[in-house]
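Letter by letter, the chains look like this.
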Amino acid sequence: MPTRLRRSGALLAVPAAVLLASCGPGQASPAAQTSASSATSTTPSSTPTTSSAAPTSAAPPAAAAPKRSKASLEKALLGIDDLPAGFSVEPADQSGEGGPAVSSKDPRCKTLVTIMNADSAPGATANAATSFSGGQDGPWIDEQLAAMGGAERVSAFHAQVRAAVKACSKLTLRLPQGTSTMAVRTVKAPTIGKDPVAFRISAQGGPLDGFESTQVATGVGDVELMMSFLGAVPDDIDGGTQVAFDKAEQTLGVKASSVS
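A. Looking closely at the overall build of the protein chain. Scanning the protein chain from terminus to terminus reveals five helices and nine strands. Starting at the N terminus, the α and β elements of the protein chain follow one another as α-α-β-β-α-β-β-α-β-β-β-β-β-α. Approximately 13,800 Å² of the protein chain is accessible, and the part contributed by carbon and sulfur atoms is 52%.

B. Representation of the side chain of serine 228 within the structure. Looking at the element boundaries, serine 228 is found in strand β9 (residues 223–230). Here serine 213 takes part through its side chain, which lies 3.4 Å from a polar atom of the side chain of serine 228.

C. Helix α4 (residues 151–167), seen in detail. Its 17 residues give α4 an end-to-end C-alpha distance of 25 Å, which sits within 8% of 24 Å, the value for a rise of 1.5 Å per residue. For α4, the set of buried residues is Arg153, Val154, Ala156, Phe157, His158, Gln160, Val161, Ala164 and Val165.

D. Molecular detail of the pattern of salt bridges. Taken as a whole, this structure holds five salt bridges when the rule is applied. With a closest N to O distance of 2.9 Å, aspartate 222 and arginine 68 form a salt bridge. Taken together, the residues span a long stretch of sequence, with aspartate 222 in the loop between β8 (212–220) and β9 and arginine 68 in the loop between α1 (20–23) and α2 (70–76) at a distance of 154 residues. A residue is classified by how much of its surface remains accessible, and aspartate 222, at 7% relative accessible area, is buried. Of the charged contacts in the structure, one is a salt bridge between glutamate 74 and lysine 70, with a shortest N-O distance of 3.9 Å. Note that glutamate 74 and lysine 70 are positioned in helix α2 at a spacing of four residues, about one turn of the helix. On the basis of relative accessibility, which here comes to 42%, the residue glutamate 74 falls in the partly exposed class.

E. Spatial organisation of the state of the cysteines. According to the stated counting rule, one finds one disulfide in the structure shown. Through a disulfide, cysteine 109 is tied to cysteine 168; the S-S separation comes to 2.0 Å. Because the torsion about its S-S bond is 95°, the bridge between cysteine 109 and cysteine 168 counts as right-handed. Of this pair, cysteine 109 sits in the loop between β2 (101–103) and α3 (110–117) while cysteine 168 sits in the loop between α4 and β5 (170–175), and the two are 59 residues apart along the sequence. Neither cysteine 109 nor cysteine 168 differs from the other in exposure class; each is buried.

F. Spatial organisation of helix α5 (residues 234–252). Under the 1.5 Å per step criterion, the end-to-end length of α5 is 27 Å for 19 residues, consistent within 8% with the ideal 27 Å. Regarding α5, the residues found buried are Ile237, Gly240, Thr241, Ala244, Phe245, Ala248, Glu249 and Leu252. Projected down its long axis, α5 carries its buried residues within an arc of 155°, all on one side. Pointing more than 90 degrees away from the buried face of α5 are the exposed residues Asp235 and Gln250. Packed against the buried residues of α5 are α2, β4 (140–147), β7 (194–204), β8 and β9. Where α5 terminates, the next one or two residues include glycine 253, which has phi positive at roughly 70°.

What counts and what doesn't
Residues numbered from 1 in each chain as written. Predicted model: local features only at pLDDT ≥ 70, side-chain atom pairs only at ≥ 80, totals over all residues. Heavy atoms only, no water. Helix = DSSP H or I, 4+ residues; strand = E, 2+ residues; numbered from the N terminus. Areas by Shrake-Rupley, 256 points an atom, 1.4 Å probe, with all protein chains shown as cover. Polar contact = N/O pair within 3.5 Å; in protein donor to acceptor, adjacent residues only side chain to side chain. Expected span 1.5 Å × (residues − 1). Buried < 20%, exposed > 50% of the residue type's maximum accessible area, 1.4 Å probe, protein only. Salt bridge = Lys/Arg side-chain N within 4 Å of Asp/Glu carboxyl O. Disulfide = S-S within 2.5 Å. Arc of directions from axis to C-beta. Contact = heavy atoms within 4.5 Å.

Following this line, the structure appears as structure tokens:
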């Protein structure tokens, strides 16, 4: 049976954090307001003044992302009533003992190690998480929502995740009972939400031999939706991501036009 791996306040291996300051675009400034000015002549003229320049229309200011609170994100998370019968809520780890951590001596894996060991996105203004178990044999589903302040920051996050996974093929996962080498590879993401990305980690020997977890990240407007699946088949991954996305989109009031 797969080993359940949790860290206090975090989802193991879910791409829930990134140094957005180093990769995300800056905040777009509102478009400058232009005023239509008419030339006022102090000397009357019998010949009207004409201008050959075409009138310039000011671009509308970029819509500011809504301010999301932890409470509003918690309401948008999956609830037990949103899942099939047989699922139960997994309590958060309150042991204070910490948990598994990934590492690598390969400098090319530095970014992915940072992403996987972080509790939340430094650029997020709020975040919320929940976890569910489908029974003794799973599947296990973790969900996290993070308010990023804009859809462009969500895309920047995904770009860094893709690059990090592409650069790093193996990691070491350390546990109290030993370490396991984890293979990392990109997998096809469910075609759900904004700019989805997915990758999988698989243990190769060691105490976690046989462990495999799939991580999915997609955008719900200005909010990042992150899912972690353990002991799940493709239908679980697609279905779980779709249900979570639909719940978040409806609850957060994200317009369909902002999702693609």
